[in-house]
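Fold and geometry: a report
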Amino acid sequence: MRPKVYVTKLIPEEGLNIINEVADTKVWKGEAPPPREVLLEEVQGVDGLVSLLTDKIDAELMEKAKNLKIVSNYAVGFDNIDIKEATRRGIMITNTPGVLTETTADLAFALIMATARRLVEADKYVRAGRWKTWGPMLMLGQDLYGATLGLIGLGRIGYAVAKRAKGFDMNVIYYSNHRKEEAEKELGIKCVDLEQLLRESDFVSLHVPLTPETKHLINKNTLSLMKKTAILINTSRGPVVDEHALYEALVNKKIYAAGLDVMDPEPPSSDNPLLKLDNVIVLPHIGSASIKTRTKMAIMAAENLVVGLKGEIPRNLVNVEVLKK
Ligand code: NAP
Ligand code: GLV
Ligand code: GLV
């Protein structure tokens, strides 16, 4: 019998075709994620699940999905999944690392440039008919060149952002779980502690996964260490930043600006005060959103799923401990 698979959102067909070859597949076609009751209903009897970062894959879901062997997450981050619970139940979890690194680093860099040079605000100014003349004091921002970029989390994406920053003649410092001596030599970057990073950086860019340790890593205290001219960039996960503290820091001019690709929650409510500020750019979580990269992610997620369904070890297995089960 062919295995049963549920896919919680339409993904590029290059991925779906790979799954369809081996499994009976059902795809949720709605624009919003499947409602919780629908998801809990649909997973009953499936062998494999392709999930998005908007789907909560927890003990309750796993309890319903008695035949579930593998969850292939269409993302590199997997904070939406209870990994321990999956391992305990012998369910494999996979993600899509690497293929989205450069695309996401491009977006982080786009936010660095756009916040520093006030691109969104300036565009709105022109469209509102307010551009009267060239002005020595018009829309002055911050320079990238010569500025210090502080990277929190020097993994795949953090490293790719560092590479870009060197091309812009920025000085790069980082704080991460482990020191990266090779990257230091290659790129001429420096490892510092968190406090030094926050005090010295003109740009602070977040590249850590969301974990209990990184939740609200940027809070009232850490924001208070940053320069008044500093810009915060978040392309990691919304809850890494305490948004209330960020709002306070921005309105009280404790920092200069923020560029956010991720929010907590997503989407933000329409009365979120951050959306009223000119020195904040908010994007709808589009870090990996290029046509090529989303296709690569679909193929990778599909291949992980299909290999797992065969009972073999998928290339991007997150919970390797599951193999001991
Ligand atoms: P990665 O290679 O695993 O890099 C994450 C780095 O964070 C690791 O190198 C790790 O450090 C470091 N880290 C983890 N916990 C830390 C802590 N408590 N303190 C300091 N450093 C810590 O992952 P990646 O591929 O670069 O992706 C990073 C994250 O970006 C993902 O988890 C995801 O949430 C987010 N993301 C967002 C988008 C988007 O669309 N906006 C796209 C892709 C990814 P060590 O290596 O030093 O141990
Ligand atoms: C996107 O946010 C991802 O984690 O891939
Ligand atoms: C500005 O456009 C200049 O020419 O300096």
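Residues numbered from 1 in each chain as written. Chains lettered and ligands numbered in written order. Predicted model: local features only at pLDDT ≥ 70, side-chain atom pairs only at ≥ 80, totals over all residues. Heavy atoms only, no water.

Observations regarding the packing of helix H1 (residues 13-22) against helix H12 (residues 291-309)
What counts, and what does not: Here the axes come from fitting lines to C-alpha atoms, over the contacting stretch only for helices, and the angles between their N-to-C directions go from 0 to 180 degrees. Strands are runs of DSSP state E lasting at least 2 residues, helices are runs of H or I lasting at least 4, and numbering of each runs from the N terminus. Each angle receives one of four descriptions, namely roughly parallel if under 35 degrees, roughly antiparallel if over 145, roughly perpendicular if within 65 to 115, and oblique otherwise. Put simply, a crossing is left-handed when the front helix is turned counterclockwise from the back one by less than a right angle, and right-handed when it is turned clockwise. Should any heavy atoms of two residues lie within 4.5 Å, those residues are counted as being in contact. All amino acids are sorted into three groups, where Ala, Val, Leu, Ile, Met, Phe, Trp, Tyr, Cys and Pro are nonpolar, Asp, Glu, Lys and Arg are charged, and the leftover types, Gly among them, are polar.
Where H1 meets H12, the axes come as close as 7 Å, and the angle between the chain directions of the two elements is 20°. The angle between H1 and H12 falls in the class roughly parallel. At the point where H1 passes H12, the crossing takes the right-handed sense. Contact with H1, carried on its side by Glu14, Gly15, Ile18, Ile19 and Val22, involves Thr295, Ala298, Ile299, Ala302, Glu303, Leu305 and Val306 of H12 and no other residues of that element. Its residues assigned to classes, the contact of H1 with H12 shows eight nonpolar, two polar and two charged.

So, the sheet that holds strand E10 (residues 231-234)
We apply this condition: One bridge is not enough; two strands pair if DSSP finds at least two bridges between them.
Strands sit in the order E8-E7-E6-E9-E10-E11-E12 across an open sheet of seven strands; the sheet is parallel. This sheet does not close on itself; its edge strands, each paired only once, are strand E8 (190-191) and strand E12 (280-282). With two bridges joining them, strand E7 (residues 171-175) and E8 adopt parallel strand pairing. Within the sheet, the bridge partner assigned to Tyr174 lies in E8 and is Cys191. Across the sheet, helix H7 (residues 156-167) touches strand E6 (148-152) and E7, and the angle it forms with E6 is around 170°. Running over the sheet, helix H11 (residues 243-251) touches E10, strand E11 (257-260) and E12 and is turned about 145° from E11.

What about the packing of aromatic side chains?
Which entries qualify depends on this criterion: To pair, rings of Phe, Tyr and Trp, with the six-membered ring standing in for Trp, must have centres within 6.5 Å; the planes then decide the type, stacked if under 30 degrees apart, edge-to-face if over 60, and tilted in the middle. Buried, partly exposed and exposed residues are distinguished by accessible area as a fraction of the type maximum, computed with a 1.4 Å probe on protein chains only: under 20%, between the cut-offs, and over 50%, respectively.
Counted according to the given criterion, the structure contains one aromatic pair. Plain terms: the ring middles of Phe109 and Phe168 are 4.8 Å apart, the flat faces sit at 45° to each other, and that makes the pair tilted. You can see Phe109 sitting in helix H5 (residues 101-116) and its partner Phe168 sitting in the loop between H7 and E7, a full 59 residues away along the chain. Given a relative accessible area of 35%, Phe168 falls into the partly exposed group.

Here we look at the domain arrangement of the chain
Put simply, the test is: How far each domain reaches was decided by an automatic or database domain assignment. Any carboxyl oxygen of Asp or Glu that lies within 4 Å of a side-chain nitrogen of Lys or Arg is treated as forming a salt bridge with it. Pairing of N or O atoms within 3.5 Å defines a polar contact, subject to two protein rules: one partner must be a possible hydrogen donor and the other a possible acceptor, and residues neighboring in sequence count only if both atoms are side-chain atoms.
By the assigned domains, the chain splits into domain 1 (4-98 + 291-324) and domain 2 (101-282). Taking only C-alpha atoms, the centre of domain 1 and the centre of domain 2 are 31 Å apart. Counting residues at the interface gives seven residues for domain 1 and five residues for domain 2. Joining domain 1 to domain 2, the criterion identifies one salt bridge. With a closest N to O distance of 2.9 Å, Arg237 and Asp79 form a salt bridge. At the boundary of domain 1 and domain 2, one finds three residue pairs in polar contact (both at pLDDT 80 or more). Looking at the side of domain 1 that touches domain 2, its residues break down into three nonpolar, three polar and one charged.

What to know about the site of ligand 1
Heads up, the condition is: Nearness of a residue to a molecule or strand requires only that one of the residue's heavy atoms be within 4 Å of it. Note on areas: Shrake-Rupley with a 1.4 Å probe; residue coverage comes only from the protein chains shown.
The immediate surroundings of ligand 1 are formed by 27 residues, with Ile157, Ser176, His178, Lys180 and Asp261 found nearest. Measuring from an oxygen atom of ligand 1, one finds a backbone N or O atom of Gly155 at 3.3 Å. The protein chains hide 86% of the 930 Å² of surface that ligand 1 would expose on its own. Looking at the shell around ligand 1, its residues break down into eight nonpolar, 14 polar and five charged.

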